[in-house]
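So the chains spell out like this:
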Amino acid sequence: MDLLLAENLDLNVRIAEGEYCKLKIKFGSLPKLSHVSKHWYFYDNNEDVIQVEGFTEPLSPKYLLSQALNSGTYTNKLFRYVYSGKADATKLKKVYFTFPELAAYFNTEISRNLEQNGDLSGNVTIEPMEATVLKDTQYMKIGLYQYYQLSDTSTNDGFKFTSSMTLVLEFENSINFSDIEKYLYKATNLFTWVTGFPVKVSKIEVSDGENGGSLYIPTVKDTSEHDLSHPNGFMLAFRLREHFVEICESYFVKNTFEFENIWSRTIPLYNFNGILEYETMLYAAILDKYCSYKVDQLNLNSTLDEDEYNELTSKLSALISGETDLHRTFSKGILNDLSNIRVLREILPNRSVATFNQKVKRYLNYIGRHVTEVFLSSDDLYLIKKVRDRAAHGEVEQFSTDEVSKIYWKLRMLVTYLIYKDLGLSDDDFLEIISFGFNPLSLNCEVDKFKLDTKLKEAITLPVSEQVFSELSSNHGVNLVLIRVENLYEVQKEYTIKLSNYFSIERIKDAKISRLDEYVKTLLENPKLEAKYTGNAYVTHKGKSHNLHSIVLVDTPRKLKSYNLL
């Protein structure tokens, strides 16, 4: 019998003949074993594992209850784990976590087609992903596999196809139930960060290599539903496939401290629908903790070299110790005895980074602002701190809801970027991720589209004069022809008018040329010039930019090639 994490069961079981019990498994609660015999069964305090047997079900399944907890009564006992199966619970080396929601996440890899004659064709398989990592002297295999089935509909008038994804972890050495519980949360956390939505495991299966079984572990009751289908996930499925190996290496081996002790605190916030300023406060606290850790780890907060600091504090301590008046003056009250070098170093730490903003800025400067300058400024960090401080001290928020919302999404994007960096993705990988998608984070966080497009080389930049910039900034819905004159681009008005007339609604049916740039080529008098269409370009002037969505650029082939237009 498979034990599901989200089901409720009342099982009639017995410990021994005449010792009958009720095993109650309730979604979100610890399993409870209650004695129902006429004679009380007194549980031994150190009885951590109990084997029970079903006697009202076919085949009389056996259940292993382990890691007992004190319930406060003699006739009831709570347990952390319930196991059922033939696999040896002391020799488990393989665990299967089933994620039903992830099937929708990969929906673009499934296709179907119904022919007129009734034939059904298509692709129903999702290719597996696999990785092998070396963790604590043993190899660990990680795989994400699809499981699917066909079944009749409830009205028996057809059939339905259902699919789910299972994360499989295989170890060289045996693992226990406690290890499996840790990996349960590691697995759900990972796919929550990947998809941008809280995901759930429906079933845990285990194997000793020959036989299998199922394991029940109480989890937080979560009945929320989310649409993970393309393109709603934060990281789209094809990108997970591209980076699966490096993500597994970073997540399960390289950066375990960051994920287990810091980033795991973000997971409850995916289901938190509270007041925005308090969400901002919580994310800011996690960011503060992370940057504090990284600043210390990378030794980014030292004002002096360690040897110089030791020499300086030793000299100061010796100086204070050698002067009686100086020692008496500086060792009053809270300063205590400054001749003690340990006390002196507590008073004068070798640290220059102390505040939230200082730590965050120091770490962002260290890793570079290639990504963060797309959505975050130094002023934003100041605003984040203001919202955090007011929420922490119970003060009334001064910003409007819209203003707090903008700050919140920028902060959340920053935290997500740092998480993805620890998952092993490059800066350009992350920019690719946020450039497309319908995840709430991508939609709600304001980004500098010009910086994003130019960093990803998805748009070209064209310098223009102030007059031309002013004219084009108010241009909407017109196909323009731009030509370079020396180092600046100008609107070729004659070509633009002819282009507009040729593709006007009245004449489009008679047009023999279907492409805008092909028509402009017929107008060119200089054989050294070429015309090419682009749907994404920015005209720039003195730090300002304006996006144009439909232009034909006239320039030399060499210049057009530098824009990747040829």
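The paragraphs below set out a description of the structure included in this document. (Residues numbered from 1 in each chain as written. Predicted model: local features only at pLDDT ≥ 70, side-chain atom pairs only at ≥ 80, totals over all residues. Heavy atoms only, no water.)

## What to know about the overall build of the protein
Of regular secondary structure, the protein possesses 18 helices and 21 strands. A compact globule built from 566 residues should have a C-alpha radius of gyration of about 24 Å, whereas the protein, at 32 Å, is more than 25% larger. Considering only C-alpha atoms, the protein reaches an extent of 105 × 105 × 50 Å along its principal axes. Buried positions account for 45% of the 566 residues belonging to the protein. Restricting to contacts in the protein with at least 6 residues of sequence separation, those with at least 24 account for 63%. Surface exposure of the protein reaches about 30,300 Å², of which carbon and sulfur atoms provide 49%. (Helix = DSSP H or I, 4+ residues; strand = E, 2+ residues; numbered from the N terminus. Rg over C-alpha atoms; globule rule 2.2 N^0.38 Å. Buried < 20%, exposed > 50% of the residue type's maximum accessible area, 1.4 Å probe, protein only. Contact = heavy atoms within 4.5 Å. Areas by Shrake-Rupley, 256 points an atom, 1.4 Å probe, with all protein chains shown as cover.)

## Here we look at the sheet that holds strand β15 (residues 460–463)
As summarised here, the arrangement of the three strands in space is β15-β19-β20, forming an open sheet in which the pairing is mixed. Sheet topology places β15 and β20 (544–548) at the edges, where each strand pairs with a single neighbour. The sheet shows a mean angle of 30° between the axes of neighbouring strands, direction not considered. As judged from the five bridges shared by strand β19 (residues 537–541) and β20, these two strands associate in the antiparallel manner. Within β20, the position partnered with Val539 by the bridge is His546. Across the sheet, helix α15 (residues 466–473) is in contact with β19 and β20; its angle to β20 comes to roughly 45°. (Pairing = 2+ DSSP bridges. Axes fitted to C-alpha atoms, helices over the stretch in contact; angles between N-to-C directions.)

## Topic: the nonpolar core
Counting residues in each nonpolar core, the largest one holds 115 residues, and the members touching the most others are Phe97, Ile180, Ile204, Leu240, Trp263 and Leu414. Top contributing element to this core by residue count: helix α11 (residues 401–422), with 12 residues. Sequence-distant contacts of Trp263, that is, excluding residues within four places in its chain, are made with Trp193, Glu258, Ile286, Tyr290, Val415, Leu418, Ile419 and Asp422. Among the nonpolar cores identified, the runner-up in size contains 18 residues, and Leu480, Val539, Tyr563 and Leu565 belong to it. (Core = buried A, V, L, I, M, F, W, Y, C linked by side-chain atoms within 4.5 Å.)

## Considerations on the pattern of salt bridges
When the charged atoms of two side chains lie near each other, side chains of opposite charge can form a pair. With the rule as written, the count across this model stands at 26 salt bridges. Measuring nitrogen to oxygen at the nearest pair gives 2.8 Å for the salt bridge that ties Arg515 to Asp517. The exposure class of Arg515 is partly exposed, given its relative accessible area of 42%. On the accessibility criterion, Asp517 (1% relative accessible area) is buried. Several salt bridges share partner residues, and in doing so they unite Asp288, Lys359, Lys385, Arg388 and Asp389 into one network. (Salt bridge = Lys/Arg side-chain N within 4 Å of Asp/Glu carboxyl O.)

## What to know about the side chain of Lys410
Tracing the sequence through the fold places Lys410 in helix α11. Here Lys410 is in contact with Phe375, Leu376, Asp380, Cys445 and Glu446, once residues within four sequence places are set aside.

## Let's talk about the state of the cysteines
Counted under the stated rule, the structure contains zero disulfides. For Cys291, which is in no disulfide, the shortest distance to another cysteine sulfur is to Cys445 and amounts to 16 Å. (Disulfide = S-S within 2.5 Å.)

## Some details on the sheet that holds strand β21 (residues 551–555)
Pairing in this open sheet of four strands is mixed, and the strands run β17-β16-β21-β18 from one edge to the other. Two strands bound the open sheet, and with one partner strand each, they are β17 (488–491) and β18 (530–534). Shown here is a sheet whose adjacent strand axes are inclined to one another by a mean of 30°, direction ignored. Where strand β16 (residues 480–485) meets β17, four bridges bridge the pair, whose relative direction is antiparallel. The residue bridging Ile483 from the neighbouring strand is Glu490, located in β17. Sitting on the sheet, helix α16 (residues 493–502) touches β16, β17 and β21, and the angle it makes with β16 is about 160°.

## Looking at the packing of aromatic side chains
The final tally for this structure, using the stated rule, is 26 aromatic pairs. Ring geometry for Phe99 versus Phe191: centroids 5.1 Å apart, planes at 65°, classification edge-to-face. Note that Phe99 is positioned in strand β7 (residues 94–99) and Phe191 in helix α2 (residues 177–195), a separation of 92 residues in sequence. The exposure classification of Phe99 matches that of Phe191, with both residues buried. Aromatic side chains Trp193 and Tyr251 sit 6.1 Å apart centroid to centroid with 80° between the ring planes, which places their arrangement in the edge-to-face category. Separated by 58 residues along the polypeptide, Trp193 in helix α2 and Tyr251 in helix α3 (residues 237–254) bring together distant segments of the chain. According to the relative accessible area criterion, Trp193 is buried, its value standing at 1%. An aromatic cluster is present here, built from Phe171, Tyr183, Trp193, Tyr251, Phe252 and Phe259 joined pairwise through their rings. (Phe/Tyr/Trp six-rings, centres within 6.5 Å; stacked < 30°, edge-to-face > 60°.)

## With respect to the layout of surface pockets
In this structure, the largest pocket spans a volume of roughly 1,000 Å³. Lining the largest pocket we find 38 residues, and of these Leu184, Tyr185, Lys186, Thr188 and Asn189 sit closest to its centre. Those elements that place two or more of their residues in the lining of the largest pocket are β11 (138–152), α2 and α4 (256–261). No other element matches the 10 residues that α2 contributes to the lining of the largest pocket. Of the residues belonging to the lining of the largest pocket, the class tally is 19 nonpolar, eight polar and 11 charged. (1 Å grid on protein atoms, 1.4 Å probe; cavity = no way out; pocket = protein on both sides within 12 Å on 5 of 7 lines; lining within 4 Å. Points joined across faces, edges and corners; volume = space filled by probe spheres on them. Nonpolar A, V, L, I, M, F, W, Y, C, P; charged D, E, K, R; others polar.)

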